[in-house]
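# Notes for the structure review
Spelled out, the chains give:
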Amino acid sequence: MPQIKIHGMIDPHTHLRDLDWSHKATFASETKAAIAGGYWAVFDMPNTAPSTIDDARLTDKLARIDRAAHCDWGLYFGASQTDNSAEYERIASRVCGLKIYNNSTTGDLLIESSALRERHYRAWTSNRLIAVHAEGETVANILDLVRKYRQPTHFLHISSEFEIKLLTEAKQDGLPITVGVCPHHLFLSEDDLPTLGPYGMMKPELKRKSDQRALWRAIRLGVVDIIESDHAPHTKAEKEADEPAFGVPGLETTLPLMMQAVKDGRLPLQKACDMVSRNVQRIWRITPLPKTYTVVDTDHTYLVEREKLVTMCGWSPFEGMRVTGKVVEVWIRGHKVYDGERVLSESGFGRNLFGFVA
Ligand code: NCD
Ligand code: ZN
Ligand code: ZN
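A brief structural summary. (Residues numbered from 1 in each chain as written. Chains lettered and ligands numbered in written order. Predicted model: local features only at pLDDT ≥ 70, side-chain atom pairs only at ≥ 80, totals over all residues. Heavy atoms only, no water.)

## Description of the overall build of the protein chain
The cut-off we apply is this: Numbering of helices and strands runs from the N terminus, with a helix taken as a DSSP run of H or I at least four residues long and a strand as a DSSP run of E at least two residues long. Radius of gyration: C-alpha atoms only; globule rule: 2.2 Å multiplied by the number of residues to the exponent 0.38. Buried residues are those whose accessible area, probed at 1.4 Å on protein chains only, stays under 20% of the maximum for their type, while exposed residues exceed 50% and partly exposed ones sit between those limits. Whether two residues are in contact is decided by their heavy atoms: any pair within 4.5 Å suffices. Computed with the Shrake-Rupley method and a 1.4 Å probe, the accessible areas treat only the protein chains shown as cover for residues. Only four residue types enter the charge count: Lys and Arg as positive, Asp and Glu as negative, with His and the chain ends excluded. Lysine's charge is taken at NZ, arginine's at CZ, aspartate's at CG and glutamate's at CD.
The secondary structure content of the protein chain amounts to 13 helices and twelve strands. Computed over its C-alpha atoms, the radius of gyration of the protein chain comes to 19 Å, within 12% of the 21 Å expected for a compact globule of 358 residues. For the C-alpha atoms alone, the extent of the protein chain along its principal axes is close to 55 × 45 × 45 Å. Per-residue burial for the protein chain yields a buried fraction of 61% across its 358 residues. Residue pairs in contact within the protein chain that sit at least 24 positions apart in sequence constitute 74% of those at least 6 positions apart. With the model as given, the accessible surface of the protein chain reaches about 14,100 Å², and the carbon-plus-sulfur share is 48%. Looking at the protein chain, you have 44 positive and 47 negative side-chain charges, and the mean spots of the two groups are 5 Å apart.

Put into structure tokens, the structure is as follows:
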């Protein structure tokens, strides 16, 4: 059975929920799902309930995830509409970065004022990066701020040909930017909406086939640095409501979808592995830990089934799709945390990759 080893898989874009949204998912449930998906570590976004926008809430969230996590982790701090930049100096050493929401999505962290966006860029002087939700023209607005402040910026869930064009040019200009793309934008398109209904609704939305082709081309050309799941669990009731919640889970399907793409000849194996491990480590400046790796059986082909998923939400937009690659073992810091069937690490085993819990 052909097996490969991937050293230190990290998903830097997840929504683990918990806190007041524990009915959707919890730090414990989703860090287990992360391990089942092959991951060493996951970074959690600040659009929780409550939002992670001040020292007290960050400190509380750090303590809670520290007690609950089965895998290693990091937390983002959120830029707020009320301008919380006075907090930055106090919190920067404990987080994986600053998140700025520039277009509307789940949560209440949207910042539309360009003056306020600029205040956040000016105030964030930490060497940790800024991660942005920016879509369409907003990408150009953020690029202006990167040009002015030179703060390393990661563009999350890039989904269109137009955005890829702007980011390709900005990279050619030497701006300190990186680009993440999600499996749902690579493997689904607006053509799937009639079948998926609300289960195909997320931000940014599913796009045209031509956009999808532009994303694959950008992967081949090296414009895309990483694959991130944007794992965003919502309950089935929330998805089937009159106004469905935006977001789809992805922690357990990202690696097998990428391995299927390798099998289909869409990208080289090494590149697929780098995009979920080494490139993420490089961007977030993480030194890979010894004896921290994932063993994948690259021969194993199967269909995505909701019954097999560990995530608390219990559904997937990729259900029924053929994927390749079964995670057979995950090791973290010399401990076997997954045996292909069960998560073996305890709640609280996971550590913050960014500083210590205050
Ligand atoms: C995310 C969520 O549910 O928290 N939803 C989504 O549609 N992607 C938020 C986000 O990443 O924008
Ligand atoms: Zn987003
Ligand atoms: Zn997200």
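After that view of the structure, there is still more to cover.
## So, the site of ligand 1
What counts here: For this purpose, a residue is taken to be near a molecule or strand whenever a single non-hydrogen atom of the residue falls within 4 Å of it. By the criterion applied in these results, polar contacts are pairs of N or O atoms within 3.5 Å in which, for protein atoms, one can donate a hydrogen and the other can accept it, and in which residues neighboring in sequence qualify only through two side-chain atoms. When residues are grouped by polarity, Ala, Val, Leu, Ile, Met, Phe, Trp, Tyr, Cys and Pro land in nonpolar, Asp, Glu, Lys and Arg in charged, and all others, Gly among them, in polar.
Taken together, 15 residues lie near ligand 1, and Arg17, Asn47, Thr105, Lys203 and Asp230 sit nearest. One nitrogen or oxygen atom from the side chain of aspartate 230 is found 2.8 Å from a nitrogen atom belonging to ligand 1. Here the shell around ligand 1 is built from residues that sort into three nonpolar, nine polar and three charged.

## Some points on the coordination of the zinc ion (ligand 3)
The condition that has to hold: Sites may look incomplete because water is not among the atoms; the donors themselves are N, O and S atoms within 2.8 Å of the metal, or within 3.2 Å for Na, K and Ca. All geometry calls rest on donor angles, where a four-donor set with angles between 85 and 135 degrees is tetrahedral, four- and six-donor sets with opposite donors more than 155 degrees apart and all others between 65 and 115 are square planar and octahedral, and all else is irregular.
At the metal site, the zinc ion (ligand 3) is ligated by His13 (NE2), His15 (NE2) and Asp230 (OD), and these contacts range over 2.0 to 2.1 Å. Coordination at the zinc ion (ligand 3) is tetrahedral: its four donor atoms span angles of 87 to 135° at the metal. All donors of the zinc ion (ligand 3) come from a single chain, and their spacing in sequence reads H-x1-H-x214-D. In this structure, the zinc ion (ligand 3) lies 3.7 Å from the zinc ion (ligand 2). With histidine 13 in strand β2 (residues 10-14) and aspartate 230 in the loop between β9 (226-227) and α10 (236-239), this pair connects stretches of sequence that are 217 residues apart. Residue histidine 13 shares its accessibility class with aspartate 230, and that shared class is buried.

## Topic: helix α9 (residues 209-221)
Test applied: The span one expects for a helix is its residue count, reduced by one, times 1.5 Å.
If you check α9, its first and last C-alpha atoms are 18 Å apart, about what 13 residues at 1.5 Å a residue would give, namely 18 Å. All of the buried residues along α9 are Asp211, Gln212, Ala214, Leu215, Trp216, Ala218 and Ile219. Tucked inside the fold, the buried residues of α9 contact α6 (161-172), β8 (177-181), α7 (183-187), β9, α11 (254-263) and α12 (269-276). Looking one or two places after α9, you find glycine 222, whose phi comes out positive at around 85°.

## Some words on the coordination of the zinc ion (ligand 2)
For the zinc ion (ligand 2), the protein coordination sphere consists of His133 (ND1) and His157 (NE2), at 2.0 to 2.1 Å. Around the zinc ion (ligand 2), the four donor atoms sit at angles spanning 53 to 147°, and that spread fits a shape best called irregular.

## Notes on the packing of aromatic side chains
Test applied: Put simply, two rings from Phe, Tyr or Trp (the six-membered ring, in Trp's case) pair if the centres are within 6.5 Å, and we call them stacked under 30 degrees between planes, edge-to-face over 60, tilted for the rest.
Under the definition given, this model contains seven aromatic pairs. Between phenylalanine 43 and tryptophan 284 the ring centres are 5.9 Å apart and the planes differ by 65°, which places this aromatic pair in the edge-to-face class. With a gap of 241 residues between them, phenylalanine 43 in strand β3 (residues 41-44) and tryptophan 284 in the loop between α13 (278-283) and β10 (293-303) connect regions that are remote in the sequence. For phenylalanine 43, a relative accessible area of 0% gives the class buried. Ring plane angle 90° and centroid distance 5.5 Å describe the contact between phenylalanine 187 and tryptophan 216, whose orientation is recorded as edge-to-face. Residue phenylalanine 187 is located in helix α7, and its partner tryptophan 216 is located in helix α9; the two are separated by 29 residues in the primary sequence. Taken individually, phenylalanine 187 and tryptophan 216 each receive the classification buried, so the pair is uniform in this respect. An aromatic cluster of at least three residues, connected via ring pairs, comprises Phe43, Trp284 and Phe354.

## Brief notes about the sheet that holds strand β11 (residues 322-332)
Using the following cut-off: At least two bridges found by DSSP between two strands are what make those strands a pair. Every axis in this analysis is a line fitted to C-alpha atoms, fitted for helices over the stretch in contact. Angles between the N-to-C directions lie between 0 and 180 degrees.
With antiparallel pairing, four strands are arranged side by side in an open sheet as β1-β10-β11-β12. Both outer strands of the open sheet, β1 (3-7) and β12 (335-338), are each paired with one neighbouring strand and no more. When the angles between neighbouring strand axes are averaged without regard to direction, this sheet yields 35°. Strand contacts of α11: β1, β10 and β11, with the helix running at about 125° to β11, the strand carrying the most contacts.

## A short note on a positive patch on the surface
The cut-off we apply is this: Each patch is built from residues lacking any salt bridge and having more than 30% relative accessible area; the joining distance is 9 Å for like charges and 5 Å for nonpolar side chains (Val, Leu, Ile, Met, Phe, Trp, Tyr). Salt bridge, as used here: a side-chain nitrogen of Lys or Arg that lies within 4 Å of a carboxyl oxygen of Asp or Glu.
A cluster of like positive charges, contributed by Lys209, Arg213, Arg217, Arg220 and Arg266, occupies part of the molecular surface. Relative to the helices and strands, arginine 213 is located in helix α9.

## Things to note about empty space enclosed by the protein
Quick reminder of the rule: The distinction between a cavity and a pocket rests on a 1 Å grid over the protein atoms alone: a 1.4 Å probe fits inside a cavity but cannot get out, while a pocket stays open yet meets protein on both sides within 12 Å along at least five of seven lines, and a residue with an atom within 4 Å of a point counts as lining. Grid points are joined across faces, edges and corners, and a volume is the space filled by probe spheres set on the points.
The full count for this structure, using the stated rule, is three cavities of 30 Å³ or more. Quantified by volume, the largest cavity comes out at close to 110 Å³. In this structure, the largest cavity is lined by 15 residues; those nearest its centre are His15, Thr105, Thr106, Lys203 and Asp230. Taken together, the residues that form the lining of the largest cavity break down as three nonpolar, eight polar and four charged.

## Describing the side chain of asparagine 279
With respect to the helices and strands, asparagine 279 occurs in helix α13. The residues contacting asparagine 279, other than those within four sequence positions of it, are Asp225, Ile226 and Asp274.

## What about the sheet that holds β9?
Spatially, β2-β3-β4-β5-β6-β7-β8-β9 is the arrangement adopted by the eight strands of the open sheet, whose pairing is parallel. Two strands close off the open sheet at either side, each with one partner strand: β2 and β9. Contacts between helix α2 (residues 55-68) and the sheet are confined to β3 and β4 (72-78), with β4 contributing the most and set at about 165° to the helix.

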